[in-house]
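Analysis of the macromolecular model
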Amino acid sequence: MSGLRIVALAVFVGWCSALIAVSAQGAPAQAGGDQQTRGKALYVDKCSACHQETLKGTTETPPLSGDMFWMNWETYSANNLFVQVKATMPEDNPGGLQPQEYADIIAYILKFNEVPMTGDLTTDTDALKKVIIKKKE
Ligand code: HEC
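Residue positions are counted from 1 within each chain, in the order its sequence is given. Reporting in this predicted model follows two pLDDT cut-offs: at least 70 for local features of residues, and 80 or more for side-chain atom pairs to be given and counted; totals over whole chains, interfaces and linings ignore these cut-offs and use all residues.

Time to look at the packing of helix α5 (residues 78-88) against helix α6 (residues 99-112). Each packed pair of helices is defined by two parameters, the angle between the axes and the distance between the axes. Angles shown run from 0 to 180 degrees and are taken between the N-to-C directions of axes, each axis being a line fitted to C-alpha atoms and, for helices, limited to the stretch in contact. Going along the chain from the N terminus, every DSSP run of H or I of four or more residues is numbered as a helix, and every run of E of two or more is numbered as a strand. Contact geometry for α5 and α6: axes closest at 10 Å, N-to-C directions at 125 degrees. Considered as vectors, α5 and α6 are oriented oblique to each other. In the packing of α5 onto α6, the handedness of the crossing is right-handed. Residues A78, L81, F82, V85 and K86 of α5 form the contact with α6, whose own contacting residues are P99, Y102, A103, I106 and L110. Amino acid classes used here: Ala, Val, Leu, Ile, Met, Phe, Trp, Tyr, Cys and Pro are nonpolar; Asp, Glu, Lys and Arg are charged; the rest, including Gly, are polar. Looking at the contact of α5 with α6, its residues break down into 9 nonpolar, no polar and 1 charged. Should an angle fall under 35 degrees it is taken as roughly parallel, and over 145 as roughly antiparallel, whereas 65 to 115 is taken as roughly perpendicular and any remaining angle as oblique. Crossings are sorted by hand: turned counterclockwise from the far helix by less than a right angle, the near helix makes the crossing left-handed, and turned clockwise it makes it right-handed. Two residues qualify as being in contact provided that their C-beta atoms, derived from the backbone, are within 7 Å of each other.

Moving on to the environment of N113. Tracing the chain through its elements places N113 in the loop between α6 and α7 (125-130). Separated by 43 residues in sequence, N113 and W70 have C-alpha atoms that sit 9.0 Å apart.

Using the backbone to place each C-beta atom, any residue with that atom within 6 Å of a molecule or strand is considered near it. Around the ligand, the surrounding shell holds 17 residues, and the nearest of these are C47, C50, M89, P90 and E91. For the shell around the ligand, the elements supplying multiple residues, two or more each, are α3 (48-51) and α5. With 3 residues, α3 is the largest single contributor of residues to the shell around the ligand. When the residues that make up the shell around the ligand are grouped by side-chain class, the tally is 9 nonpolar, 4 polar and 4 charged.

Pasting the structure below:
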């Protein structure tokens, strides 16, 4: 290998590791991360087989969006939804998820329906009660 090629290679390798360093910095934290991303991934994994990825439901499974969602949940709080889902869902394994996983999924469902909220949902009952399920103005 000629000297020039070694230098070129060294420059290239240096450039690559700089690039990797930059993208590692910009990437969202793995665990933790943002609640929407976690909630969506959990929803797709644990709920979408029945409720569909579109949250539209099927003939056997109610939708978690649209008119039916508003009819059943408007004016209730995130806590009502959290308690019911935790007690009854996934239908084939009720209560089978961690409480925070339920909170992440509820946050995803509420955001999907454009319910106004600030910050992440936690499993704290009082905090969940403060999030009222209402339509975006
Ligand atoms: C095996 C199929 C199945 C899975 C998986 C499942 N569900 Fe359901 N879900 C149903 C059925 C059927 C109903 C209607 C009967 C009932 O309410 O128990 C329902 C009802 C609901 C309701 C009440 C809807 C309403 O407006 O009355 C919510 C909310 C809900 N599911 C959320 C979830 C969430 C969140 C998950 C994932 C953690 C999930 N479900 C996973 C089948 C399923």
